[in-house]
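What follows is the residue order along each chain.
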Amino acid sequence: MTFGPGCHLHLIDGSAFIFRAYHALPPLTRKSDGLPIGAVSGFCNMLQRYVEGNTGSDVTHLAVIFDKGSHTFRNDMYDLYKANRDAMPEDLRPQIPLTRKATEAFNIACKEQAGYEADDIIATLARMAREAGGRCTIISSDKDLMQLVGGGVEMFDAMKNNLIDSEGVEAKFGVGPERVVDVQALAGDSVDNVPGAPGIGVKTAALLINEYGDLETLLDRASEIKQPKRRETLINHREQIELSKRLVTLDDQTPLDYGLDDLEVRDPDPEQLLAFLAEMEFRTLTRRIADTLGAEAPTIEDTPVISADAPEAEAVPFDAAAYEWVKTSEALQLWIDRIYARGYVAVDTETTGLNEMIADLVGVSLCVDAGKACYIPLTHKGGDADDLFGDDTLAEGQMDFATCLSMLKPMLEDPSIVKIGQNMKYDAKIFANEGIAVHPIDDTMLMSYAMNAGLHNHGMDALSDRYLSHTPIPIKPLLGTGKSARTFDRVPVEEAVPYAAEDADITLRLWQYFKPRLHRSQVTKVYETLECPLVPVLAQMERTGVQVDRDTLSRMSNAFAQKMAGLEDEIHKLAGRSFNVGSPKQLGEILFDEMGIEGGKKGKTGAYATGAEVLEDLATEHDLPARVLDWRQLSKLKSTYTDALQDHINPHTGRVHTSYSIAGANTGRLASTDPNLQNIPIRSEEGRRIREAFVAPEGKVLVALDYSQIELRILAHMADIAELKQAFKDGLDIHALTASEMFNVPLDEMTPDVRRQAKAINFGVIYGISGFGLARNLRIPRAEAQGFIDRYFERFPGIKDYMTETKAFAKEHLYVETLFGRKINTPEIAAKGPRAGFAQRAAINAPIQGTAADVIRRAMIRMPDAIADLPAKMLLQVHDELLFEVDADAADALTAVAKEVMENAANPAVHLDVPLIVDAGRGANWAEAH
DNA sequence: GAGTTCACG
DNA sequence: GACGTACGTGAACTCA
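Predicted, not measured: the structure shown is a model, and the values here were computed from it.

Asks: Even after reading the chapter, I still don't get the pattern of salt bridges, so can you show me in this structure?
Replies: With the rule as written, the count across this model stands at 52 salt bridges. For Arg238, the salt bridge goes to Glu242, with nearest N and O atoms at 2.9 Å. Separated by 4 residues within a single helix, Arg238 and Glu242 lie in helix α11 (residues 238-248), roughly one turn from each other. Given the relative accessible area of 29%, Arg238 is considered partly exposed. For Glu242, a relative accessible area of 30% puts it in the partly exposed group. The shortest N-O distance in the salt bridge between Glu356 and Lys429 comes to 3.3 Å. One end of the pair, Glu356, is in the loop between β8 (344-351) and β9 (361-369); the other, Lys429, is in helix α16 (residues 424-433), and 73 residues separate them in sequence. Residue Glu356 shares its accessibility class with Lys429, and that shared class is buried.

Take a look at the structure:
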């Protein structure tokens, strides 16, 4: 039927339905896997009620209109548009795509358009209906849609069962529909963050508009207004008011690739609808709709709840032969279509190496259904693999590189498609090299980390073995080892396809397994606020890198080599023969067997211990161990830092690019690898000079900001120690205060030595103090150390309580938690013997170290937006420190902004009873910045 | 590849 | 009563 006079179009505001449904219902979850489905259930019920209520009515055309993504042309106009909207609740997000599926299951047209709000599409369709001479009813009560009423267009509030026509609009706004935008422009809207005119509400706005006719006239004649305040407001805020009008005016010219005729009412297909409802496990609704349609209700199994830690066999077996080799753009397009139909895709990249800054993209794998995956080879080399000179011609059956990426790019960047990866930071960086910003993402490694930190590592092989009972195809045989090793682009495509596609398949299956379990483990918030958002931030920092001066390092290496050679001669003379100074075994034999020094202790492997502590004790009596200590320090500095760092300078960027592992440390800390830039020397004067090689480019400076005593502050808060909290509020020297309290020394009579001992105790407390450990650290008798600890607990009984309670919590739950809800599993807490001690101390430390890690993560996640307008880059994180590079003249501004972000990073999720204080430094290099 | 040592917070 | 012990990391080196 062609849409025209006599036709009646109904447009349902999908988002309104979803939010109503979400808030009206308790947080229901699907029984079989815990997927949240409360909003979907409510949505389906509302659709069903709507359909029942309109059977036999004059509706001829029907569509449900949804918002797509959150960025629209209005954000380009005004970046604060809808900026004060709360983030979508975490248990609602996964339900959004399901509401689309629900609409389709009801066989109702389901429409959305990137860059436009649902309201714009509604405006456009309503205009088209009006122009065609038909009627249109908008099922919504959103006041923003009231401007559309009139000329055959009406609104219907499905909840209140109440029709809104021109008179209804006038009752609400005091003006007719055609002047609604003028009133809204003046009154503004706090919900959408439309500024409007300050101090003018709907009442006043309507009064003014009715007096002057329309907004433009009003603004032109604003000077005639008698009330001085109103007059000033309108004159001073003219621009803002005009912007507001543009924001509230709906765009009824949205480009649509369909017409009204495509929205004709269709009967639902009982089979399709009931299948969907059964899949959602809506028992009542399935039965009710089956009755209405006169069909048989499918049975919904009462699936038993699967225990989270029991590996379950997946229904679909792994079949390498089923994986597809994508050779053409037609084949790829089919995959992209499939991805859009689903709303998510597992992605994996194959490259020529593990270093994302150097590695080249070789191919991409995709998977949307367990067992159905593909590999798109792009730069595999053909020819004879044994040919020493290589053959750089491309292998057969590969798509053009640029064509493939230009097809993938819109999908990878589409806000409505979730890209699932295992360690997505790696793949995101590879794609970033090709100018593709992958977003949004899910990461199975991070899901596992959020749930299982402390239980096992989170590499794909381990996860697949454990949760899918499947051992992935090993990469080793493909790449070879040693001399015969080759990069992935030299692997024949026939061999690459099963390996590469399987990785995407496994990733998708892991995602299907983990996703519902996140909710059950109560770590969705941690995953969504502390893990995922960190991925792009770290990717950016890693890609930026830090400038390191090769000459400085090289000069230091030479100096160290000379000194070491001198020391080595001396050591050999003292020993009476030459030996490998770098061999602890040989050194032990020299010291304790040949030289006959007493007190050599052998460890469990039968070797003498020659660690720094042992040598330091011997150094008071002998020269040789003292020289060895000096030699070892230089050797460490040279091999680990001045030599190795030079090899890490990227030839293209001239900078050093570390890689942060997000899921490495159980406590939530990051770990830096290849190279580790979190252990650059600072404690010794000689080592500290290595930091002089970390420099700012010409015209810029490095700014270092570090949290002062963050772990002690967190302990004071968590254990609720009034004296410590007050001391931090008063900005006192916390170690001196501890010493004063413990040893009854007034603060103004404090000696450095007493303070040093108190400092050691404070640190010990964070680590799960023991008499033995403190004794060793302070080099005092064990009994004396125990006496200190006893006195400390007497003075701060809250600390002892905290430790006891934390241990008890760990024993009961087998995990401990940070203030932000991060879980750290402590399975060893139940162990007997010495391992119990380890586990207990780790359990005491983890919430403190982990909370500090969460705090700086939050700061880092907020930082890119906070410094977006400054000529500054965040370069490195060292647990409680962030290092920035900034134009010299913007260093003050950067310091102020970054400090603010860091000091307030806990808010608003957690209110700390102690202030967080950040110290700042700057300079031409990292040594000066401290 | 395990064990030892040592750099950092 | 004896046992071993500060918490969390990564990298380089030796030696089997």
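There's more to say after this.
Asks: Help me out: how do you make sense of the pairing of strand β20 (residues 872-877) in this one?
Replies: On a regular strand, each side chain points to the face opposite its neighbour's, so the side chains alternate between the two faces of the sheet. For β20, the buried fraction is high: 5 of the 6 residues fall into the buried class. As judged from the 5 bridges shared by β20 and strand β21 (residues 881-887), these two strands associate in the antiparallel manner. Of the residues in β21, the one forming a bridge with Ala872 is Val886. Between β20 and the antiparallel strand that follows it, β21, lie 3 residues; His879 among them carries a positive phi value of about 70°.

Asks: Got a minute to help me understand the protein's contact with DNA strand C in this structure?
Replies: Taken together, the neighbourhood of DNA strand C is formed by 32 residues, with Ser583, Asp674, Phe772, Arg776 and Arg841 sitting nearest. Contacts to DNA strand C include Asp674, whose backbone N or O atom sits 2.8 Å from a phosphate oxygen. Ser770 places a polar side-chain atom, nitrogen or oxygen, 3.4 Å from a base oxygen of DNA strand C. Broken down by secondary-structure element, the contributors of at least two residues to the surface near DNA strand C are α24 (584-594), α26 (624-647), β16 (671-673), α31 (752-766), α32 (771-778) and α35 (834-866). Sorting elements by how many residues they give to the surface near DNA strand C places α35 first, with 5 residues.

Quick notes on the rules
Residues numbered from 1 in each chain as written. Chains lettered and ligands numbered in written order. Predicted model: local features only at pLDDT ≥ 70, side-chain atom pairs only at ≥ 80, totals over all residues. Heavy atoms only, no water. Salt bridge = Lys/Arg side-chain N within 4 Å of Asp/Glu carboxyl O. Helix = DSSP H or I, 4+ residues; strand = E, 2+ residues; numbered from the N terminus. Buried < 20%, exposed > 50% of the residue type's maximum accessible area, 1.4 Å probe, protein only. Pairing = 2+ DSSP bridges. Near = heavy atom within 4 Å. Polar contact = N/O pair within 3.5 Å; in protein donor to acceptor, adjacent residues only side chain to side chain.

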